[in-house]
Structure formats: C-alpha cells, structure tokens
Amino acid sequence: MVADPVLLQAIADLFPNGIGRYAVGGLLVGLGTVVIYAGTGIPAGASTFLESTLSYVSDQPRFRRYVASRDWRLVFTAGIVLGGLAFAATFQSGVVTSSLYEPGTTGRLYEVAGVTLWATDVQPWRLFFGGILVGIGTRIGKGCTSGHGVCGVGSASKTSLVGVATFLTVAIGTAQVVAALGVSP
Amino acid sequence: MSGRHPLFKPLVFVGGLIFGFGLGFSHMARPEVVLNFLQFDDLGLPFVMFGAAIVSGVAFALLPRLREGAPLTGDRYERRLKPFDRNVLVGGAVFGVGWGLSGICPGAAYASLGVGNVTILWALGGMFLGAYAQGYWRSRSETRDAAAAGAD
C-alpha cells in the first residue's frame, strides 16, 4: 500500500488534536448512558433536567409531568458536574497522562487547591443568548445531543436521526456565519 | 420517588460521573472545541457523539434479549423512540442556532461547570430561561386548547 504524504497531511490537518480524546471520551459518554440503562431501563438525556428542575419552583402544567423523575435527574446532573471535576483533577491537572489524551490550547487554565481548572474565552453574550435558544430548542425538539444524538441514534430512531441532522446542519451554518462576521471567540 | 430500589440513585450518580468524565476528556465541555468543529477546524466531535451512540446502540440491542427487565426498576428494556412531528424540525433548528452561537449543549454545560468553567453559568442561566419560556407558552396554549375543547 502506498501512503500519499499529501493526503496524510490533509487528514492530519482536519484532526489537529488527533482522535484519541474524542473516541475515548465518546466511549465513556456511551458507557455512562449504558450503566444507567442497564440498571434502570431509562435512556437518560441531559436536557430534560432543565424542565424537571423548574418543576421545583414553578406550577406550570408543562413542568408537572417531570415531577416523578426530577429527583434522579438532579442526581444525574450532579454526577455529570462531579465527573467533569474528576477529569479536571486528573488529566486536566496533568496528574494522569495518556497518549490518547491531547491537552490542546483552548481557553485559560487556572489553579485552585492544586487542581488545574479551565475557563472559556467565548464571550458571555454568546453563551447567554445561545443558551436561551438551546433551552427553547431542545425542549420543543424533544431532545439534545445526548437524548437524540446518543440515546436516539443508538435506538436507530428516525425521529432522532432527523433531529440530529437538523440541529447539526443549522449549528454549522450558524457558527460559520458568526465566524464570518468576525466574532471571535 | 418512594418505593424505588435503594441503589437506583447511586447507580444514576455513577452513570453521571462516567458521562461527565467523558465529556471532560473529549473536550466537549469546552465551547471552543465544539465551535472549532462547527467551523471545520477540528473534525473530532463526531467521534464523540457517534462513538457514544454506537456503545449505547449495542446495549439497547443486546439487553432486551438478555434480560426480561431492568434489575433496579423491573421496567422492560425499550429503545428511545419519540413520535415525529413538526416540533422536531422547529426545535432542532432553534437548538442548532443556539448551539452554533454558543458552542455548548446541556450535558456539556453541566460538565463544563465541573472542569472549572464558571463562565458557563451564563449559558446555564440562558438554558433555564429558555426552557421556562417554552414551558410557559406551551402550558398556556395547552390550557387554552383544553378550554376550547371543553366548550365544544
């Protein structure tokens, strides 16, 4: 087999951080989903937490349907936050290293009590207004990147495949336009 | 909910830990990395989403054949199938604009807080505001529809 160096370089350019961290991270996200599904039969998505948690403080009928699941969804989200912290205390802090983990150069690192933490440089207005649309869209569209993208696609659900194709296409278009307008980061 | 197996929440917590660790490790908890994918500067993201979908897909296909029901709930293993309607397209498009603008989605936002990104509270605040707004509108229109149906 002849490897074309120009082609290999072109492929390497598309993956400046390799694929190790993405593939391993994806396997772990899938494993977390499977642990919950195997024990409980629940294909858990992350965005329902937004509405189920609002049921603690709001009597709107729309949120009442999540009263039964709101407690465990809070536990699920607490696990996700602390899982992120566990990553920060190990790989992000450099305490554990692996050839499959590429640390990258995005954002800013800072230290608290010996743990290397990370903060984004993306502007708050983008996060806030984008967040509002994410909150509206995921709940009207019946799922987010984990509900549709992981559980729904894993279920070979046509609804989820269409959902993923829709939000992925629109997100690419939006990010390209925002970048073309000179907004960075 | 009362009457649930005592290991129900501990298991959900462990699942969440692994899920959140994976989002940190894959850098999906960093909006910059998601935006780099959407701008075609680093095409790693599909390995995360589809890698996770393949793992869950294997479990969703195998578990119903291995066991009658889930040990902690007794519930049957079912796939995640939701009915298709216009909302999937409208909601998906709105989510897409938000994701493309911010580079963050709900699960990744929770994990982002965990890796130390306090700034992500802007996105989390926005998400709760958006989820509340749509819940408020839909609760009102459902009540109105119910009232209209009752008047017929």
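Model, not experiment: these values are computed from the prediction.

## Digging into helix α7 (residues 147-154) of chain A
Here is step 1: Counting buried positions over the eight residues of α7(A) gives eight, a clear majority of the element.
Here is step 2: For α7(A), the set of buried residues is Gly147(A), His148(A), Gly149(A), Val150(A), Cys151(A), Gly152(A), Val153(A) and Gly154(A).
Here is step 3: Buried residues along α7(A) sit in contact with α2 (20-40) and α8 (158-180) of chain A together with α3 (45-66) of chain B.

## Some points on the environment of Leu50(A)
Here is step 1: Mapping Leu50(A) onto the fold places it in helix α3 (residues 48-54).
Here is step 2: Put simply, Leu50(A) and Val183(A) are 133 residues apart on the chain and 28 Å apart in space, counted from C-alpha to C-alpha.
Here is step 3: Setting aside chain neighbours within four positions, we find Leu50(A) in contact with Gly135(A), Arg139(A), Pro106(B), Met127(B), Phe128(B) and Ala131(B).

## Let's talk about the pairing of strand β1 (residues 108-112) of chain A
Residues and elements named next belong to chain A.
Here is step 1: Of all five residues that make up β1, zero are buried, and the element is exposed over most of its length.
Here is step 2: Judged from the five bridges that link them, β1 and strand β2 (residues 115-119) form a sheet pairing that is antiparallel. Its bridge partner lying in β2, Arg108 is registered against Ala119.
Here is step 3: As consecutive antiparallel partners, β1 and β2 are separated by two residues, and within that stretch Ala113 has a phi angle of approximately 50°, a positive value.

## Notes on the confidence of the model for chain B
A low pLDDT means the predicted coordinates there should not be read in detail.
Here is step 1: The share of residues in chain B with pLDDT of 70 or more is 97%, and the mean pLDDT across the chain is 95.
Here is step 2: For this predicted complex, the interface score ipTM comes out at 0.96, while the overall pTM is 0.96.

## As for the interface of chain A and chain B
Here is step 1: At the junction of the two partners, chain A supplies 113 residues and chain B supplies 111 residues.
Here is step 2: Among the secondary structure elements, those contributing two or more residues to the side of chain A that touches chain B are α2, α3, α4 (61-64), α5 (70-92), β2, α6 (124-140), α7 and α8 of chain A.
Here is step 3: The dominant element in the side of chain A that touches chain B, judged by the number of residues it contributes, is α2(A), at 20 residues.
Here is step 4: Residue classes in the side of chain A that touches chain B are distributed as 63 nonpolar, 41 polar and nine charged.

How each quantity is defined
Residues numbered from 1 in each chain as written. Chains lettered and ligands numbered in written order. Predicted model: local features only at pLDDT ≥ 70, side-chain atom pairs only at ≥ 80, totals over all residues. Buried ≥ 20, exposed ≤ 12 C-beta atoms within 10 Å, placed from the backbone. Helix = DSSP H or I, 4+ residues; strand = E, 2+ residues; numbered from the N terminus. Contact = placed C-beta atoms within 7 Å. Pairing = 2+ DSSP bridges. pLDDT = per-residue confidence, 0-100. Nonpolar A, V, L, I, M, F, W, Y, C, P; charged D, E, K, R; others polar.

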